[in-house]
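# Notes for the structure review
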Amino acid sequence: MDQLWAPWRMDLIEKGQAPRGCIFCDLPRAGQDRDNLLLGRTRNAFAILNRFPYNNGHLMVVPRTHTGDLSALPAAEYAELDEQLRVAIRLLGVAYKAQGYNVGMNLGQVAGAGIADHLHWHVVPRWNGDTNFMPVLGDTKVMIEHLHASWDRLRPLFEKEFSTVASW
């Protein structure tokens, strides 16, 4: 019998409920970047690994402004968010040699947004042949790298690209 290992899912089981407040507002302020999987910050945006990834390296690029309305984001902040998205895709290519990407934003709960009140882009690296029978037959996704190993791989690249903003 093969064993599947996803220890980060224990956090969800042990806590038993979603955290209060907005994780996209609270986590960057906590000052525990590795624990919170925060990769890099700019003045108006940040990149963070998805705690429940579809693939290794699955990250999100998030504006600091708390809004679920894309049109409410000031143009300068949107431009910075867009630039961080572009850089995040390039850095995933460097770190993981990704051959493609799924990039998307679910706007609103009915569109599938798990956190509908705070915009965020998902970036999922993809490789030729990265799908297998497990998701289809076993409704299971096999992750080959621990989230902290992903953070250790990506964080230095983000630090080199963006200076980490200490005060939020």
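Residues numbered from 1 in each chain as written. Predicted model: local features only at pLDDT ≥ 70, side-chain atom pairs only at ≥ 80, totals over all residues. Heavy atoms only, no water.

### Section: the overall build of the protein chain
For the protein chain, the count of helices and strands is six helices and five strands. Start at the N end of the protein chain and walk to the C end: the helices and strands fall as α-α-α-β-β-β-α-β-β-α-α. For the protein chain, buried positions account for 40% of its 168 residues. A fraction of 66% describes how many contacts in the protein chain between residues 6 or more apart in sequence connect residues 24 or more apart. A total accessible area of about 9,900 Å² is found for the protein chain, and carbon and sulfur atoms account for 53% of it. (Helix = DSSP H or I, 4+ residues; strand = E, 2+ residues; numbered from the N terminus. Buried < 20%, exposed > 50% of the residue type's maximum accessible area, 1.4 Å probe, protein only. Contact = heavy atoms within 4.5 Å. Areas by Shrake-Rupley, 256 points an atom, 1.4 Å probe, with all protein chains shown as cover.)

### With respect to empty space enclosed by the protein
If you walk through the whole model with that rule in mind, you get one cavity of 30 Å³ or more. Space inside the largest cavity adds up to approximately 30 Å³. Around the largest cavity, the lining residues are G68, N106, L107, G108, A113, I115, A116, H118, L119 and H120. (1 Å grid on protein atoms, 1.4 Å probe; cavity = no way out; pocket = protein on both sides within 12 Å on 5 of 7 lines; lining within 4 Å. Points joined across faces, edges and corners; volume = space filled by probe spheres on them.)

### Description of the sheet that holds strand β2 (residues 45-49)
If you walk across this open sheet you meet the five strands as β1-β2-β3-β5-β4, and the pairing is antiparallel. With one partner strand each, in any of the chains shown, β1 (38-41) and β4 (100-104) form the two edges of the open sheet. Strand-to-strand, the axes of this sheet are offset by a mean angle of 20°, without reference to chain direction. Docked against the sheet, helix α4 (residues 75-96) engages β1, β2, β3 (59-63), β4 and β5 (121-126), running at close to 165° with respect to β3. Sheet contacts for helix α6 (residues 147-161): β1, β2 and β3; angle to β1, the most-contacted strand, approximately 15°. (Pairing = 2+ DSSP bridges. Axes fitted to C-alpha atoms, helices over the stretch in contact; angles between N-to-C directions.)

### What to know about the pattern of salt bridges
All told, the structure shown has eight salt bridges when counted by the stated rule. A salt bridge links E83 to R86; the shortest N-O distance between them is 2.7 Å. Placement of the pair is E83 and R86 together in helix α4, with a separation of three residues, close to one helical turn. E83 gets classed as partly exposed once you look at its relative accessible area, which sits at 34%. The salt bridge involving E159 is made with R155; its shortest N-O contact spans 3.0 Å. (Salt bridge = Lys/Arg side-chain N within 4 Å of Asp/Glu carboxyl O.)

### Describing unusual backbone geometry
One non-glycine residue, L37, lies in the positive phi region at around 65°. Position of L37 relative to the elements: it lies in the loop between α3 (33-36) and β1. Not every positive phi belongs to a glycine, and K97 is a case in point at roughly 55°. Given a relative accessible area of 59%, K97 falls into the exposed group.

### Some points on α6
Under the 1.5 Å per step criterion, the end-to-end length of α6 is 21 Å for 15 residues, consistent within 8% with the ideal 21 Å. The largest bend in α6 is about 30°, located at L154, with the proline P156 one to four residues further on. Along α6, the residues classified as buried are L147, S150, W151, L154, R155 and F158. In this fold, the buried residues of α6 make contact with α3, β1, β2, β3 and α4. (Expected span 1.5 Å × (residues − 1). Bend = angle between axes of the 7 residues up to and from the residue.)

### Remarks on the nonpolar core
Membership of the largest hydrophobic core comes to 34 residues, with the highest contact counts inside it found for L39, I48, L59, V61, L154 and F158. For this core, the secondary structure elements donating two or more residues are α2 (23-26), β1, β2, β3, α4, β5 and α6. Broken down by element, the residue count for this core peaks at eight residues, all from α4. If we skip the residues at most four places from it in the chain, L154 touches L39, L49, L91, L92, A95 and Y96. (Core = buried A, V, L, I, M, F, W, Y, C linked by side-chain atoms within 4.5 Å.)

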